[in-house]
Amino acid sequence: MYTKTKFLLIIACVLNLFAANAQHIYPPQQARWDADSLGNQRAVLLVNGTAKLVKAVIPWRNLRVANDQQIIIVDSSTNRKITPSSYISMAQEEGVILFDAISGPGVYYVYYLPYHLGGRSKYYPDAEYLKRSDMPLLNDAPKNANGVKNEAKIVRFDAVDDFNSNDPMEVLATQEEVKEFLNTRDQAAYYVFPETGEFPIKMSHHIPKRWTDPKRDNSFFTGAAKRGEYCSFQLGVWPMKTDLKDVRISCSALKSATGEIIDEGSFDCLNTEGVSYTGDKMKMQVAIPKKQVQAFWYGIKIPEKTKSGTYDGTLTVKPANGPTKEIRIQLKVIDSLAFNGGTNEPWKMTRLPWLNSTLAQENTVIKPYTPLQVEGDTAVTLLGRKVMLAANGFPKQIQTFFTPEMTGVSDKANNILFEPIHFHFLRLEDKKDINLKTKGFSFTKREPGTVSWKSISSADELQMEVSASLEFDGFLNYTVKVIALKDVSLQDIAMHIPYKQDMATYIMGLGLKGGYRPDKVSWKWDVAKKNQDGAWLGNVNAGIQFSLRDEKYSRPLNTNFYLQKPLLLPHSWGNENKGGIDVGVKGSSMLVNSYSGERRMIKGDTLYYNFNLLITPFHALNTNAQWNDRYFHAYKPVDTVKESGANVINIHHGNALNPYINYPFIATKEMKSYIDSAHRLGLKVKIYNTVREVSNRLYELYPLRSLGHEVFSKGPGKGYSWLQEHVHEDYIAAWFVPYYKDAAIINSGMNRWHNYYVEGMNWLVDNVGIDGIYLDDVAFDRVTMKRIKRVMTKAGHPGLIDLHSANQYNERDGFNNSANLYLEHFPYINRLWFGEYFDYENNQPDFFLTEVSGIPFGLMGEMLQDGGNPWRGMVYGMTNRLPYQKSGPQGLWKVWDDFGIKGSSMIGYWVEDNPIKVNRKDVLATIYKKEGSVMVSIASWANEDVDVDLLIDWKKLRIDPAKASIQAPAIVDFQTAQRFKLSQPIHVAKNKGCLLIIQ
């Protein structure tokens, strides 16, 4: 076998080739060979002897090597592949093989982890490592193998590029080295290994070779940092005798020889304490299974005014069921001030404090919203809406004041409710309601951004405690706590939302596509397969979304991954799948009956019947922004974009400016240069950056992995080769970009990574100058959305956000509607782009209106799939987007500008008194009206070509018909130029339409 001295020399050579956790090389290195055919790792062998049969002992010390792994040998002089004559042994520590040196003495490459790519697609690959078909050879090796005299020498270990290299923390210690380590140490309950942030701990079931070095002093640790910098460290804790429980890390104050002090308050440990994404303090208990390694990431924020010098202190490790251990720490403070707190150098782990950030957490009002106002202690007003409260704290009435056109706010109230929202508690014995009495509600908070109140209602058997809050954007949250005061059997606990029938024209959710509400809806819980817990019902200018939750609600995964982390069935509403929702006529109302079914409550039992309401629309349409902001969704030279007529550039991931998905912190110099040049031409630049998955290039990968499943979802592993070789297990592989070898991992949901995300956005605004972001589906909730909107719109920055979504109404996504799923984010979105798999040809206008257009919520959008349907799109003010489609929107943009659409009044076909109508219900018209002229958008859903008549109210248009003309301007790939007489029928082709100018 290979000697320890020889191996150490080889490792020393390899370590000279790369830094452990250095700044990523960018642009990325050219691959040294084709990894997808040969694998990422190789050993370089030198054959000196002349005998043809050669023996090679290769101490690769690699976790990924299995005993059935196939290897590929390549003769460097001829590039010919050689099949091993025999696999003597294959293991994680080393392999022993025999092969024929076909070219005699020289250099031979042994690729010891070759694979081929399988998986769902090139964007979701799985590296499948090649397996040998000659496994019996391991037990049938030549008897004279030990007599082979020509033994190859190890020259070095190579990786296809530096990013794929195994750093010292991945070079595992052999069993013999571990045994020797344990024999030369006290038989401790556990061992502690201090490390700097430069060498992230990566293995959980093995220890690295460097930890077994007999010269290593694990009781003492040194580090260095600048003033104002966050200095990160690690402690690797390795229990040998028993599982450790509730391991705590603390730090004393650090003192210099001159008496200067760095207070212990400057210390933090990411694994044991923090701040949640909602701003709440967190305390975590860390348990470590026997013989597993747990990394504890901690750091010290050096105050800017700290004097330079050497500071000494003590780190203390204290398990709940084990002895205390102390590690002496010596920190050298360098006499220079870290620029920007060191955050411009993330490879030094200087951004780890971002995980506990509370930036933009205060619920201040965001434009265009207005401060909440409490009226008469019974109502709260907000932009375009009002909530009136009953004595029990539930809404007595919900009103909106948006005009039917959705372009303004009026004094006319649109009452949504037929009667107050209320609960029913039915006894099983007599089928009668338990009548809860209340003493009224009281306000607990009155702030511009949030108004809160509470109430208690009770009867002999039950008590209901209600805590509620309304936010400035129309989000209404209820925590409803039902407590059994004595044993009681219930036929049902149900909530009724009685809509006025004319305010529940449309529905979206509960397994229904957006569109006209059917007469009856009967829905049952099925969380394993369906991402459904509520629905939106309403009209264009008035509606409510409701969603049912309990105290254990956890946001599920979405966009291809719902089934891997679905909703949790609410114990209250779900009641072991007895619960459900019925929608139908009851008396004069359209009743939403959310029932939970029969159950027995024992005295003291508590159930949480929580629910959220979103009152729509959120604001009026900003039509001028729709006409003015013209998107170009690609990385192209700014001059090219300018010439196209677009003025807002979206930089997707997977390109030279934004190479790595959801981690836009690598090519920041290139990105800033591009944005600066775009700004000089009057263009805005937004970038792709969201939270759902994150690139394997993120510097903070291993600190995040040390947090268990807080940031990354548990999963089966696999995916691209880098993930399998360096992350190993327990993750969900996500999107992959072949050109950049960018392999992403799925985030777990609501966690502290969102704090980092907010800080990252703030940094990008301040240091790179981004004008907004492009969201490709969303995996965070409204708390994070508000925070990023605040940091991106500070000091007058545009803060534009457009939301793209592939249609979520499919099996992988749990049959939810994109608009229903993301409605909580709509108050902060500037534009929608829905999206792949949306069918613009075979769906009806009610689907367009509710699921695609955004209009009932105060938004406007664009189309994607197959370029959309431009004729149907225009009745909602929508086009497609450059440069994705063969036929772009430039022709329509030109007509808009020639007509002068900015400042016009949009009056949709859904408006009862629209001055222009069509004499067929399956052909619709929306107008864009200004003084003296009007643009008429006509679109057909008829099953054939038809001729239609325009029904024009000339008086409302304020146009003299005797002087009026009607013409269709020429638009490339849309229509040819044509003039019409006032009484002439308009020919409309099937699935198409036309755009007319009347003046």
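Residues numbered from 1 in each chain as written. Predicted model: local features only at pLDDT ≥ 70, side-chain atom pairs only at ≥ 80, totals over all residues. Heavy atoms only, no water.

Looking at an unreviewed UniProt entry, one finds the protein chain named Glycoside hydrolase 123-like N-terminal domain-containing protein and attributed to Olivibacter domesticus.

Trainee: Account for the overall build of the protein chain, naming residues and giving values.
Mentor: Within the protein chain, the secondary structure is distributed over 15 helices and 63 strands. A burial count over the protein chain gives 60% of its 999 residues as buried. Excluding contacts between residues fewer than 6 apart, the proportion of contacts in the protein chain whose partners are at least 24 apart in sequence is 73%. With an accessible surface of roughly 39,700 Å², the protein chain has 49% of that area assigned to carbon and sulfur atoms. (Helix = DSSP H or I, 4+ residues; strand = E, 2+ residues; numbered from the N terminus. Buried < 20%, exposed > 50% of the residue type's maximum accessible area, 1.4 Å probe, protein only. Contact = heavy atoms within 4.5 Å. Areas by Shrake-Rupley, 256 points an atom, 1.4 Å probe, with all protein chains shown as cover.)

Trainee: Account for the packing of helix 9 (residues 753-767) against helix 10 (residues 782-793), naming residues and giving values.
Mentor: The N-to-C vectors of helix 9 and helix 10 enclose an angle of 15°; their axes lie 9 Å apart at closest approach. Comparing the axis directions of helix 9 and helix 10 gives the class roughly parallel. In the packing of helix 9 onto helix 10, the handedness of the crossing is right-handed. Note on element contacts: helix 10 touches helix 9 through T784, R787, I788, V791 and M792, opposite H754, N755, Y757, V758, M761, N762 and V765. Grouping the constituent residues of the contact of helix 9 with helix 10 by class yields 7 nonpolar, 4 polar and 1 charged. (Axes fitted to C-alpha atoms, helices over the stretch in contact; angles between N-to-C directions. Parallel < 35°, antiparallel > 145°, perpendicular 65-115°, else oblique. Left-handed = near helix turned anticlockwise from the far one by under 90°. Nonpolar A, V, L, I, M, F, W, Y, C, P; charged D, E, K, R; others polar.)

Trainee: Which residues make up the nonpolar core, and what values do they have?
Mentor: Counting 284 residues, the largest nonpolar core has F423, F546 and F826 as its most contacted members. Beyond its immediate sequence surroundings of up to four residues, F423 is in contact with F394, M464, V480, I493, A494, M495, W573, Y609 and F611. Core analysis: the second largest hydrophobic core is formed by 29 residues, L235, I327, L331 and V333 among them. (Core = buried A, V, L, I, M, F, W, Y, C linked by side-chain atoms within 4.5 Å.)

Trainee: Can you lay out the domain arrangement of the protein chain for me, pointing to particular residues and giving the numbers?
Mentor: Each assigned domain of the protein chain is listed here: domain 1 (41-164), domain 2 (175-356) and domain 3 (373-616). Placing a centre on the C-alpha atoms of domain 1 and another on those of domain 2 gives a separation of 38 Å. At the junction of the two partners, domain 1 supplies 4 residues and domain 2 supplies 5 residues. Each partner contributes to the roughly 360 Å² buried at the junction of domain 1 and domain 2, and carbon and sulfur atoms together form 43% of this total. When the area that domain 1 buries against domain 2 is broken down by residue, the three leading residues are R61, L63 and E93, summing to 90%. Linking domain 1 with domain 2 are 1 salt bridge, by the criterion used here. (Domains from an automatic or database assignment. Buried area = accessible area lost by both parts, 1.4 Å probe. Salt bridge = Lys/Arg side-chain N within 4 Å of Asp/Glu carboxyl O.)

Trainee: Describe the pattern of salt bridges, with residues and values.
Mentor: Inspection of the entire model under this criterion finds 37 salt bridges. When the shortest N-O distance is used, the salt bridge between R752 and E710 registers 2.7 Å. Of this pair, R752 sits in the loop between strand 49 (742-746) and helix 9 while E710 is found in the loop between helix 7 (701-705) and helix 8 (721-726), placing the two residues 42 residues apart along the sequence. With relative accessibility at 1%, the residue R752 sits in the buried group. Several salt bridges share partner residues, and in doing so they unite K686, D802, R831, E862 and R881 into one network.

Trainee: Lay out helix 10 in plain terms, naming residues and giving numbers.
Mentor: Here helix 10 contains 12 residues, and its C-alpha end-to-end distance of 16 Å stays within 8% of the 16 Å for a straight helix at 1.5 Å per residue. Of all the 12 residues making up helix 10, 11 are buried; the element is thus mostly covered by neighbouring parts of the structure. All of the buried residues in helix 10 are R782, V783, T784, M785, K786, R787, I788, K789, R790, V791 and M792. Downstream of helix 10 by one or two residues, A795 has phi in the positive range, about 50°. (Expected span 1.5 Å × (residues − 1).)

Trainee: So what's going on with helix 9? Residues and values would help.
Mentor: Under the 1.5 Å per step criterion, the end-to-end length of helix 9 is 20 Å for 15 residues, consistent within 8% with the ideal 21 Å. Two residues or fewer past helix 9, G769 is found with a positive phi of approximately 85°.

Trainee: Lay out the pairing of strand 7 (residues 106-111) with the relevant residues and their values.
Mentor: Two elements, strand 1 (residues 41-47) and strand 7, share 6 bridges in a ladder whose sense is antiparallel. By the bridge assignment for strand 7, V44 is matched with Y109. Relative to strand 7, strand 3 (residues 72-75) runs antiparallel, the two being bridged by 4 bridges. Bridge assignment links D75 to a residue of strand 7, and that residue is Y108. (Pairing = 2+ DSSP bridges.)

Trainee: Quick one: what's the story with the sheet that holds strand 53 (residues 861-862), residue by residue and with numbers?
Mentor: Spatially, the 7 strands line up as an open sheet ordered 44-45-46-50-51-52-53, and their pairing is parallel. Looking along the sheet, the strands with just one partner apiece sit at the ends: strand 44 (631-632) and strand 53. Where strand 45 (residues 648-651) lies against strand 46 (residues 684-688), 4 bridges are found, and the strand directions are parallel. The residue bridging I649 from the neighbouring strand is V685, located in strand 46.

Trainee: Quick one: what's the story with a negative patch on the surface, residue by residue and with numbers?
Mentor: A surface patch of like charges, here negative, comprises E944, D945, D947 and D949. When you line up the elements, D947 lands in strand 58 (residues 946-948). (Patch = residues over 30% accessible without salt bridge, like charges linked within 9 Å, V, L, I, M, F, W, Y side chains within 5 Å. Lys, Arg positive; Asp, Glu negative; His and termini not counted. Charge placed at Lys NZ, Arg CZ, Asp CG, Glu CD.)

Trainee: Tell me about unusual backbone geometry, and please be specific about residues and values.
Mentor: A cis amide bond links T616 to the next residue, P617, at an omega of 0°. Tracing the backbone through its elements, the reader meets P617 in the loop between strand 43 (610-616) and helix 4 (623-628). The peptide bond linking L882 to P883 adopts the cis configuration, its omega dihedral lying at -10°. Turning to its location among the elements, P883 is positioned in the loop between helix 13 (870-874) and helix 14 (890-899). A positive phi angle is found at H728, which is not glycine, with a value near 80°. Among the secondary structure elements, H728 is positioned in the loop between helix 8 and strand 48 (733-737). H728 sits in the partly exposed class, given a relative accessible area of 24%.

Trainee: Provide a residue-level description of the sheet that holds strand 13 (residues 230-239), including the pertinent values.
Mentor: Here 4 strands make up an open sheet; going across it, the order is 11-13-20-17 and the pairing antiparallel. At either margin of the open sheet sits one strand with a lone partner, and together these are strand 11 (190-196) and strand 17 (267-269). The average angle at which neighbouring strand axes cross in this sheet is 25°, direction not considered. Relative to strand 20 (residues 294-301), strand 13 runs antiparallel, the two sharing 8 bridges. Looking at strand 20, one finds that V237 is bridged to Q294.

Trainee: Hey, could you go over the environment of Y837 for me, with residue numbers and the actual values?
Mentor: Following the sequence through the fold, Y837 ends up in the loop between strand 52 (831-834) and helix 12 (845-853). As for Y837 and Y809, which are separated by 28 residues in sequence, their C-alpha atoms are 9.2 Å apart. Residue contacts for Y837: discarding those within four places in its chain leaves A806, N807 and Q865.

Trainee: Residues and numbers for the side chain of K209, please.
Mentor: With respect to the element layout, K209 can be found in the loop between strand 11 and strand 12 (220-227). You can call K209 buried: its relative accessible area is 14%. A distance of 3.0 Å separates a polar atom in the side chain of K209 from a polar atom in the side chain of E177. (Polar contact = N/O pair within 3.5 Å; in protein donor to acceptor, adjacent residues only side chain to side chain.)

Trainee: Describe in detail the environment of L569, supporting the description with residues and values.
Mentor: Among the structural elements, L569 can be located in the loop between strand 38 (542-549) and strand 39 (580-586). Measuring from C-alpha to C-alpha, the distance between L569 and A528 comes to 8.7 Å, with 41 residues separating the pair along the chain. If we skip the residues at most four places from it in the chain, L569 touches W525, V527, D550, G574, E576 and N577.

Trainee: Tell me what's going on with the confidence of the model for the protein chain, and back it up with residues and numbers.
Mentor: In this model, the protein chain carries a mean pLDDT of 95, and residues with pLDDT of at least 70 account for 97%. The low-confidence segment residues 1-19, where pLDDT is below 50, has 29 contacts with residues more than four positions distant or belonging to other chains. This stretch, residues 136-141, has a pLDDT under 50; its non-local contacts, to residues over four places away or in other chains, come to 9 contacts. (pLDDT = per-residue confidence, 0-100.)

Trainee: So what's going on with the packing of aromatic side chains? Residues and values would help.
Mentor: According to the stated counting rule, one finds 65 aromatic pairs in the structure shown. On the basis of an interplanar angle of 5° and a centroid distance of 4.6 Å, the ring pair of Y123 and W735 is categorised as stacked. Pair noted here: Y123 is in the loop between strand 8 (115-121) and strand 9 (124-129) and W735 is in strand 48, with a separation of 612 residues, a long-range link. Feature note: the residues F394, F423, F425, F441, F443, W453, Y478, W573, Y609 and F611 constitute an aromatic cluster, connected by ring pairs. Seen from the ring of F199, R210 lies directly overhead, with NZ or CZ sitting 4.3 Å from the centre. Against the face of W833 rests R881, its NZ or CZ located 4.1 Å from the ring centre. (Phe/Tyr/Trp six-rings, centres within 6.5 Å; stacked < 30°, edge-to-face > 60°. Lys NZ or Arg CZ within 6 Å of the ring centre and 35° of its normal.)

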